[in-house]
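# Reading the structure
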Amino acid sequence: MNSKFLAALLFFLSLYQPAHAAQWQRINIGGGGAMNIVAAGPDGTLIAGTDLAGAYIKKSSSSQWQMITPDHGVSDTHITGVAFHPSNSNTIMLATEGGLYLSDNGGTDFSHVDHAPGQSALYEGKFLSIAFQPSAPGSGTPATVYASRISNYNIADGKILRSDDGGHSFVYTADLIPAGTEDADNITITKIVIHPDNPDVVLALANQERQFREAGVTTINALYMSDDRGNTWTQLAQEFQEISDVAFNPIAPYHAFISRVSAPHQAKVHYAVSDVASDNWQLAFTTPAYDDQYYQPVLVLWPDASTPRSMRAINIDTTYHFQTQAGWRIFNSSGNADGWQSSGFGKSREWAGTHTDWNLGWSRFFTILSPTLESINHTIGFDLSNPDKLLWATNQFVFSAQPMATSNGSHTLAFENLATTGSTTSNWSSSGLDNITPFILEVNAKNPEVIYAGLNDLGCTVSDDRGTSWRQCSHNSNSWEGGINPDVSYGGVVSALISDPRNAATVWMFAAGTQRTPVSPLRSTTSGSSWNSYDDQWQADQNPSTPDIYGLSLDPQSDMSARRLYVTVAGAVYKSEDGGQQWAEAYDCDGGCRVTEVAGNGIVYAGGEAGLFVSSDHGTNWTTVLDAAQVDGNFTAIVDETKQQVFNRNAWSGVSGIAIDPQVPEIVYAAVFSTDNSQGVYKCDISGATTSCDTPTPMPALDSAYVRDIAVDPNNAQNLFATSSSAYTSGGFLPGSTGVWRSTDGGSSWQTLNDGLDWPMAFAITVDPTDGNIVYTGSPGGGNYRINLDDQQPPAATLQNPAGNINDNTPTYQWNAVANASWYYLWVRDQGGVKIKL
């Protein structure tokens with residue numbers, strides 16, 4: 001081969017490398033779900049843990065948050081603890097519901113931690129807290145690490161483990177409460193504090209953990225100490241009830257501090273007069289006695305690295321204390337047992353500012369500074385690179401806060417929202433930190449720039465720019481409350497939503513304050529800026545008062561002044577003939593319909609655990625397309641009669657999504673949910689004398705379970721998309737959850753479409769009505785995603801010789817002589833060809 005030919009070959013090989021595949025991009029408002037914990041390492045790297053989206057990492061102030069996913073070695077979506085090595089920013093540990101994870105390269109990769117050298121990994125059990133020794137170990141000496149664990153999420157058998165090799169392996173310490181004695185199976189350890197100078201001394205605080213609190217189980221509240229690396233444990237401060245926090249002062253570490261609820265609507269802070277082992281506690285501070293209309297103040301402790309005998313106390317139950325003092329610095333400069341003083345960090349309302357300039361995000365103030373749901377001891381996190389920076393995780397956002405002098409000489413906290421950016425005028429966009437659960441993604445047919453999202457805990461959001469930025473469109477937001485009470489709203493729940501295909505500003509939805517409260521019918525003609533409620537008429541017509549309302553759809557043939565709509569209510573199909581003002585049952589569906597869809601010619605389909613049904617006369621008469629046995633239909637009310645959770649794994653199976661052929665409305669696709677691969681996507685044709693349905697073989701053959709939804713390109717019926725997710729409003733990733741699938745041949749074959757999707761979990765999916773290459777999906781935790789399948793560009797050409805072995809993912813190259821022997825044709829698999837003259 002001559003040099004001219006070789007040079008040309010190398011050049012064209014460099015040109016025809018594999019194209020960059022289009023990738024899903026997250027498009028969220030930012031924040032929104034339960035943020036479990038947040039902490040920062042010695043180089044300022046931030047890690048936040050959530051209850052559904054796993055962990056996020058932010059490596060610099062200018063970078064976006066990135067999700068730590070299975071690609072990084074973490075297969076658990078519920079993160080309960082974060083810990084950094086005190087001086088080595090590369091060493092990070094995560095505590096999860098499925099064990100402990102360790103990274104030795106700054107969070108790029110994680111691996112499961114062994115229980116003990118040579119033994120099986122800790123793949124089971126829920127870890128609640130984790131702590132590295134705060135002082136840097138000596139040269140060549142691994143850091144000591146402690147962690148707390150329960151054997152299952154619903155078993156309160158808390159134990160402490162210790163690592164002597166920097167977190168690579170762990171052994172159990174002695175039981176805090178001997179097995180077989182009272183309360184041995186009624187303890188969860190939510191915080192571990194290691195002595196700043198001596199890792200042999202460790203404190204363990206037993207407190208309430210989320211799962212037990214929500215189940216109404218009260219675990220014990222007690223403080224324990226070990227001074228021999230966990231070989232023995234002693235209970236401290238037994239005279240105190242309701243201990244909320246414990247901390248060492250890092251400068252004078254013999255000063256340990258305790259905060260506790262001391263009386264109705266009041267809290268106190270105590271300090272250890274000498275070494276903590278003496279168990280001699282002196283009163284240092286008492287909060288004001290709050291009015292009885294407020295909840296109990298809950299103080300967490302913020303170590304003060306500037307002064308011995310000094311500690312900061314923050315009231316994390318600020319949602320009902322925003323007009324009163326909420327933070328204090330407590331200090332004693334005399335060195336005596338008494339003489340403690342305090343200075344304030346201002347009111348929490350001052351931290352927030354006004355509704356026009358606050359930095360706390362798009363939500364109402366009541367919701368934003370409440371404790372995290374996981375454990376009150378996880379609400380406050382610390383930044384090892386800056387001891388004067390506080391990190392705060394709530395049920396919606398993550399913040400940082402630093403002391404700031406005010407104009408009158410006092411001090412307050414200056415907050416920064418780390419999850420969302422924007423304003424009430426410019427709309428909001430995510431910084432990458434999301435924990436959002438979208439139920440519905442509605443791209444308007446008239447104006448595809450407009451997207452509505454119906455979400456769990458965030459109500460309604462709307463975007464006017466295809467998801468680049470968002471604003472709230474929720475109903476009665478002025479009534480939102482916060483706090484840890486599960487029966488109050490954090491932003492609303494929208495379980496059914498549809499916009500008018502001929503008017504993007506008109507939208508209907510069924511919404512509630514929480515999952516536990518009745519759902520109301522609403523309509524807006526102002527893109528969600530204001531709403532008309534038809535709840536009074538709904539109740540007057542004696543319709544069911546239930547949160548179990550799904551599958552809202554609209555008949556595009558209906559009159560603009562009296563739109564015909566369909567929805568499922570407690571398993572039955574309901575219809576409105578007057579634009580959503582009045583509703584009446586159209587089909588009882590044997591109590592088993594959960595979704596509806598209307599074709600362009602008015603044919604309406606409905607489905608659920610009872611099967612798939614069709615009506616050609618606007619819901620008057622119905623015919624069975626698939627019966628319950630064919631879809632393995634099942635429904636179990638897993639919570640109670642007022643909070644039915646359909647679409648949840650192990651409790652429900654049946655038709656979960658419907659899509660209609662845009663050219664042939666008698667052809668319908670049904671996504672059928674099951675926890676195994678026995679179901680999938682059915683293609684049914686009702687045009688003949690008898691209905692025919694294809695067995696859903698392609699996706700089960702690829703071991704996909706948990707099929708959630710199906711969408712058809714409005715301009716190309718061969719272009720289909722389907723989704724799979726093991727999680728819904730809760731849960732996590734399980735094998736068989738496979739994310740997004742695409743078919744380009746009308747469902748005969750399927751390929752995964754998951755590049756850029758952080759977890760292979762997705763449910764709602766929709767296609768842009770004007771461009772079949774633009775697709776949107778909703779993923780539990782990750783939130784809203786968008787992909788443009790046109791975004792496949794080859795990399796820039798470089799003159800280099802490809803290295804390595806050619807495999808199935810690399811284009812194959814073939815030279816073919818043409819009529820003129822001086823021309824060759826270079827064929828590149830999947831790329832086409834090009835002629836060159838040599």
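Numbers given to residues run from 1 along each chain, matching the order in which its sequence is written. Residues qualify for local features only when their pLDDT is at least 70, as the model is predicted, and side-chain atom pairs are given and counted only at 80 or more; totals for whole chains, interfaces and linings, by contrast, use all residues. Hydrogens and waters are ignored; side-chain quantities use all the structure's heavy atoms.

Strands are runs of DSSP state E lasting at least 2 residues, helices are runs of H or I lasting at least 4, and numbering of each runs from the N terminus. Note that Val712 resides in strand β53 (residues 707–713). Sequence separation of Val712 and Gly746 is 34 residues, and the distance between their C-alpha atoms is 9.0 Å.

We now examine the environment of Ala572. Here Ala572 shows up in strand β42 (residues 572–576). Whether a residue is buried, partly exposed or exposed follows from its accessible area with a 1.4 Å probe, protein chains only, as a fraction of its type maximum: under 20%, in between, or over 50%, in that order. Residue classification places Ala572 among the buried residues on the basis of a relative accessible area of 7%. Each C-alpha atom of the pair Ala572 and Cys593 lies 5.7 Å from the other, and the pair is 21 residues apart in sequence. Working rule for contacts: check all heavy atoms of both residues, and any pair within 4.5 Å makes them a contact. Those residues in contact with Ala572, other than ones at most four positions away along the chain, are Val567, Glu585, Tyr587, Asp588 and Cys593.

The backbone phi angle of Arg309 is positive, close to 55 degrees, even though this residue is not glycine. Tracing the backbone through its elements, the reader meets Arg309 in the loop between β22 (299–303) and β23 (310–315). One non-glycine residue, Asp457, adopts positive backbone phi at about 75 degrees. Within the secondary structure, Asp457 is located in the loop between β33 (451–456) and β34 (459–463).

A few words now on the sheet that holds strand β49 (residues 652–660). At least two bridges found by DSSP between two strands are what make those strands a pair. A sheet is described by the order of its strands in space; here five strands give the open sequence β48-β49-β50-β51-β52, paired in antiparallel fashion. Sheet topology places β48 (634–635) and β52 (692–693) at the edges, where each strand pairs with a single neighbour. As judged from the six bridges shared by β49 and strand β50 (residues 667–673), these two strands associate in the antiparallel manner. By the bridge assignment, Val655 is partnered in β50 with Val672.

This next bit is on the state of the cysteines. The rule for a disulfide is simple: a pair of cysteine sulfur atoms within 2.5 Å. Counted by the stated rule, this structure contains three disulfides. Residue Cys589 pairs covalently with Cys593 via a disulfide, S to S 1.7 Å. Each member of the pair, Cys589 as well as Cys593, carries the same accessibility label: buried. A disulfide bridge connects Cys684 with Cys693, and the sulfur atoms are separated by 2.1 Å. Here the S-S torsion is close to 115 degrees, and the disulfide linking Cys684 with Cys693 is therefore right-handed.

Space inside and on the surface of the protein is sampled on a 1 Å grid over the protein atoms alone, with a cavity defined as a set of points where a 1.4 Å probe fits but cannot get out and a pocket as an open set with protein on both sides within 12 Å along at least 5 of 7 lines; lining residues have an atom within 4 Å of a point. Grid points are joined across faces, edges and corners, and a volume is the space filled by probe spheres set on the points. On inspection of all chains with the given rule, the structure shows two cavities of 30 Å³ or more. Approximately 40 Å³ is the volume found for the second largest cavity. Trp508, Met509, Phe510, Pro521, Leu522, Tyr534, Leu552, Gly580 and Trp583 are the residues that line the second largest cavity. Contributions of two or more residues to the lining of the second largest cavity are made by β37 (503–512) and β38 (520–524). When residues of the lining of the second largest cavity are assigned to their parent elements, the largest contribution, three residues, is made by β37. Gly falls in the polar group here, along with every residue not listed as nonpolar (Ala, Val, Leu, Ile, Met, Phe, Trp, Tyr, Cys, Pro) or charged (Asp, Glu, Lys, Arg). Each residue belonging to the lining of the second largest cavity can be placed in one class, and the counts come to eight nonpolar, one polar and no charged.

Bringing the layout of surface pockets into the picture now. Looking at the second largest pocket, its volume works out to about 1400 Å³. Those elements that place two or more of their residues in the lining of the second largest pocket are β32 (437–443), β36 (493–500), β40 (549–554), β44 (595–598), β49, β53 and β57 (765–767). For the lining of the second largest pocket, the element with the highest residue contribution is β53, accounting for six residues. For the lining of the second largest pocket, the class distribution of residues is 32 nonpolar, ten polar and seven charged.

The pLDDT score gives, residue by residue, the confidence of the prediction method on a 0 to 100 scale. With 85% of its residues at a pLDDT of at least 70, the protein chain reaches an overall mean of 85. A low-confidence stretch, residues 1–19 stays under pLDDT 50, and its non-local contacts, those more than four residues away or across chains, total 41 contacts. Throughout residues 638–643 the model reports pLDDT below 50, and contacts reaching past four residues in sequence, or to other chains, amount to ten contacts.

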